[in-house]
Amino acid sequence: ADQPPSVRNTLDRHGMIDMFRVVVLSATVGYNKPDVSIYTEALLQADCEAEDAVMVGNRYDMDIAPANRLGMGTVFCYLSPDNKGRQPESDEEAAYHMSLGRVPNWPTEPDPGIPTQQPDAVAGNVAELSTAIKYALGR
């Protein structure tokens, strides 16, 4: 993910950190999406082939397309900033978090002219993720 190291704390606080074999963050590996290097780094750390992995993302261009190009399963899941559960750790982060609510959302549908933007599955909320991930793995 293109996230700061503190996102690990958020995953842990919500009891989700153990759901992942690896957590690769751009701030710690030096690659940013959509560079496929961040995905290949995650696969390397997990000792996993692309076809046995699933990328869950909220952007077709930055998440779904690069993962599809590598042959990973893909799940599109958009969560509003308030539904992500991240607690700002400073006044600056709090101001940034509040500003996200005023930014128009990026497309919620893939570009039909870009085949790599088509996800294997879609989840509308966290509760649907497990089923969507299983579906993407079985594609």
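The shown structure was predicted, so the numbers you read here are calculated from the model rather than taken from an experiment.

Colleague: Could you give me a rundown of the side chain of Gln117, with the residues and numbers involved?
Modeller: With respect to the secondary-structure elements, Gln117 resides in the loop between α5 (91-100) and β3 (121-123). Overall, Gln117 belongs to the buried group, its relative accessible area being 9%. A polar atom in the side chain of Gln117 sits 2.8 Å from the backbone nitrogen of Asp111. Apart from the residues within four sequence positions on either side, Gln117 is in contact with Tyr60, Asp61, Ile64, Ala65, Asn68, Pro110 and Asp111.

Colleague: I'd like a rundown of the pattern of salt bridges, residues and numbers included.
Modeller: Counting across every chain of the model gives 2 salt bridges. In this structure, the salt-bridge partner of Asp63 is Lys33, at a minimum N-O distance of 2.5 Å. In this pair, Asp63 is assigned in helix α4 (residues 60-70) and Lys33 in the loop between α2 (26-29) and α3 (37-46), connecting sequence segments 30 residues apart. A relative accessible area of 1% places Asp63 in the buried class. Between Asp61 and Arg59 there is a salt bridge; the shortest N-O distance is 2.7 Å. What makes Asp61 partly exposed here is its relative accessible area of 35%.

Colleague: With reference to specific residues and values, describe a negative patch on the surface.
Modeller: A surface patch of like charges, here negative, comprises Asp47, Glu49, Glu51 and Asp52. Note that Asp47 resides in the loop between α3 and β1 (54-57).

Colleague: Hey, could you go over unusual backbone geometry for me, with residue numbers and the actual values?
Modeller: Here Lys33 and Pro34 are connected by a cis peptide whose omega angle stands at 10°. Positionally, Pro34 belongs in the loop between α2 and α3. Not every positive phi belongs to a glycine, and Asp47 is a case in point at roughly 50°.

Colleague: Describe the packing of aromatic side chains, with residues and values.
Modeller: Note on aromatic pairs: each is described by the distance of the centres and the angle between the planes. Throughout the structure, instances matching the rule amount to 1 aromatic pair. Centroid distance Tyr60 to Phe76: 4.0 Å. Interplanar angle 10°. Geometry classified as stacked. Taken together, the positions of Tyr60 in helix α4 and Phe76 in strand β2 (residues 73-77) put the pair 16 residues apart, joining distant regions of the chain. Taking relative accessible area as the criterion, Phe76 reaches 5% and is therefore assigned buried.

Conventions adopted
- Residues numbered from 1 in each chain as written.
- Predicted model: local features only at pLDDT ≥ 70, side-chain atom pairs only at ≥ 80, totals over all residues.
- Heavy atoms only, no water.
- Helix = DSSP H or I, 4+ residues; strand = E, 2+ residues; numbered from the N terminus.
- Buried < 20%, exposed > 50% of the residue type's maximum accessible area, 1.4 Å probe, protein only.
- Polar contact = N/O pair within 3.5 Å; in protein donor to acceptor, adjacent residues only side chain to side chain.
- Contact = heavy atoms within 4.5 Å.
- Salt bridge = Lys/Arg side-chain N within 4 Å of Asp/Glu carboxyl O.
- Patch = residues over 30% accessible without salt bridge, like charges linked within 9 Å, V, L, I, M, F, W, Y side chains within 5 Å.
- Areas by Shrake-Rupley, 256 points an atom, 1.4 Å probe, with all protein chains shown as cover.
- Lys, Arg positive; Asp, Glu negative; His and termini not counted.
- Charge placed at Lys NZ, Arg CZ, Asp CG, Glu CD.
- Phe/Tyr/Trp six-rings, centres within 6.5 Å; stacked < 30°, edge-to-face > 60°.

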